[in-house]
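Residues per chain are reported as follows:
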Amino acid sequence: MTKGTVFVLGGSGQVGRAAVRALAADGWEVTAASRGGGRDARWPDEVRSVALDRTEEGALAAGLGDGCDVLVDIVAYDAGHGRQLTGLADRIGSAVVVSSGAVYEDERGRSFDTQDRPDGFPDYPLPIPEDWRTVAPGDGTYGTRKVALEREVLAAGDALPTTVLRAGAIHGPYSPGPRELWFVKRVLDGRTVRPLAYGGTSRFHPVHVDNLAELVRLAAARPGSRVLNGGDPEAPTVAEIGAAVDAVMGVATETVLIEGAPPGDVVGATPWTAPRSVVYDMAAAERELGYRPVVSYADSLPETVAWLTERVAGRDWREAFPGLAKYGLDLFDYAAEDAWLASRG
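In this text, all values refer to a predicted model and were calculated from it rather than measured experimentally. Each chain has its residues counted from 1, running along the sequence as written. Restriction of local features to residues with pLDDT of at least 70 applies here, the model being predicted, together with a cutoff of 80 or more for giving and counting side-chain atom pairs; totals for whole chains, interfaces and linings are based on all residues. Side-chain descriptors were evaluated using all non-hydrogen atoms of the structure, hydrogens and water having been removed beforehand.

### Here we look at the pairing of strand 1 (residues 5–9)
Alright, step 1. Exposure classes here rest on a 1.4 Å probe applied to the protein chains alone. A residue is buried below 20% of its type maximum, exposed above 50%, and partly exposed in between. By definition, any uninterrupted DSSP run of H or I lasting at least four residues is a helix, any uninterrupted run of E lasting at least two residues is a strand, and each is numbered from the N terminus. A large share of strand 1 lies buried, amounting to four of its five residues.
Alright, step 2. Two strands qualify as a pair provided DSSP detects at least 2 bridges between them. Across five bridges, the pairing between strand 1 and strand 2 (residues 29–34) is parallel. From the neighbouring strand, threonine 5 faces strand 2, where its bridge partner is glutamate 29.
Alright, step 3. Chirality of the crossover, the property in question, places the unit of strand 1, helix 1 (residues 14–25) and strand 2 among those that are right-handed.
Alright, step 4. Alignment of strand 1 against strand 4 (residues 68–73), held across four bridges, turns out to be parallel. Bridging from a neighbouring strand, phenylalanine 7 pairs with leucine 71 of strand 4. With its strands directed away from the observer, a crossover is right-handed exactly when the path from the first strand over the helix to the second travels clockwise.

### A few points about the pattern of salt bridges
Alright, step 1. The salt bridge criterion pairs a side-chain nitrogen of Lys or Arg with a carboxyl oxygen of Asp or Glu, the two atoms within 4 Å. Scanning all chains against the criterion turns up 24 salt bridges.
Alright, step 2. Notably, a salt bridge pairs arginine 186 with glutamate 337, separated by 2.8 Å at the nearest N-O pair. One end of the pair, arginine 186, is in helix 5 (residues 181–188); the other, glutamate 337, is in helix 12 (residues 334–343), and 151 residues separate them in sequence.
Alright, step 3. Judged by relative accessible area, which is 4%, arginine 186 ranks as buried.
Alright, step 4. Across the pair aspartate 330 and arginine 318 runs a salt bridge, and its minimum N-O distance is 3.9 Å. Of this pair, aspartate 330 sits in the loop between helix 11 (322–325) and helix 12 while arginine 318 sits in helix 10 (residues 317–320); the two residues are twelve residues apart in sequence, bridging distant segments of the chain.
Alright, step 5. With a relative accessible area of 39%, aspartate 330 lands in the partly exposed category.
Alright, step 6. Its relative accessible area of 38% is what places arginine 318 among the partly exposed residues.
Alright, step 7. Connected through salt bridges with shared partners, the residues Lys3, Asp26, Glu214 and Arg217 form a single ionic network.

This is the structure in structure tokens:
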């Protein structure tokens, strides 16, 4: 006997793969919907996969058919997607919607959206609680669109009880933009020295896909209108992440700590690097859902490193990860790095 029916939008993506697996293992009858209708090899045969493009008029309604007990939306992005869900509230028992920790702003109005401006790095209270202020809703940026999405679904109240999960820096296999590549590729390229800006102390709270999937599983079983952060049990510094990757790959990289910003905006800059840290408070998820993380950052790394190593073997990293390349950044400017190291004498 199943717990009920779950319809997962974005089922074949990085988070969707893990969420579908966790829900199926928990006894739900799961339908995984995605544009390509793909499957994960680790899903049980009972999982139904369907091809669905939510941007096509009536496609989501047709896919839902008579409805579902829980709808999990991993790819919702803006107010329009929120209205799409609330417009189908009569067919959905409750919802779990993945948002982002990028919605928070500090007391001076600085957020993820302002980080590229002079003095634009936000200074959050640590850890950041869910009731902390957010950017204003709108269509301008990733953060403002996610807030607009949140407000649409939460406004539905009892008509569509929705758990909003504000995810940290998502990591694990199948990532379109894996931050860990910065360390893994350096080892594969034979780099023996690793400069890190801001003394290697930057922290950007990660969340492994299995921990986020556990939050989805728990929220599906406990419907309600709430906002919860999504993070791993620890928020390692960038230096600690580098050491953890080294341990998995069996190397010992010399770390050169740079006090202050990356020289030339390049040397010592990583996908986690910032002058201030971002750490999310997980107490509410523990209290309201009984959440306990299923994996630590360090314990999750071997699978991630193996996946990254296989993906970049014999390929340019931009081809392997166009999601990273689209930002136009050279993550591996070794010439600039060597020049800076040589200048130190």
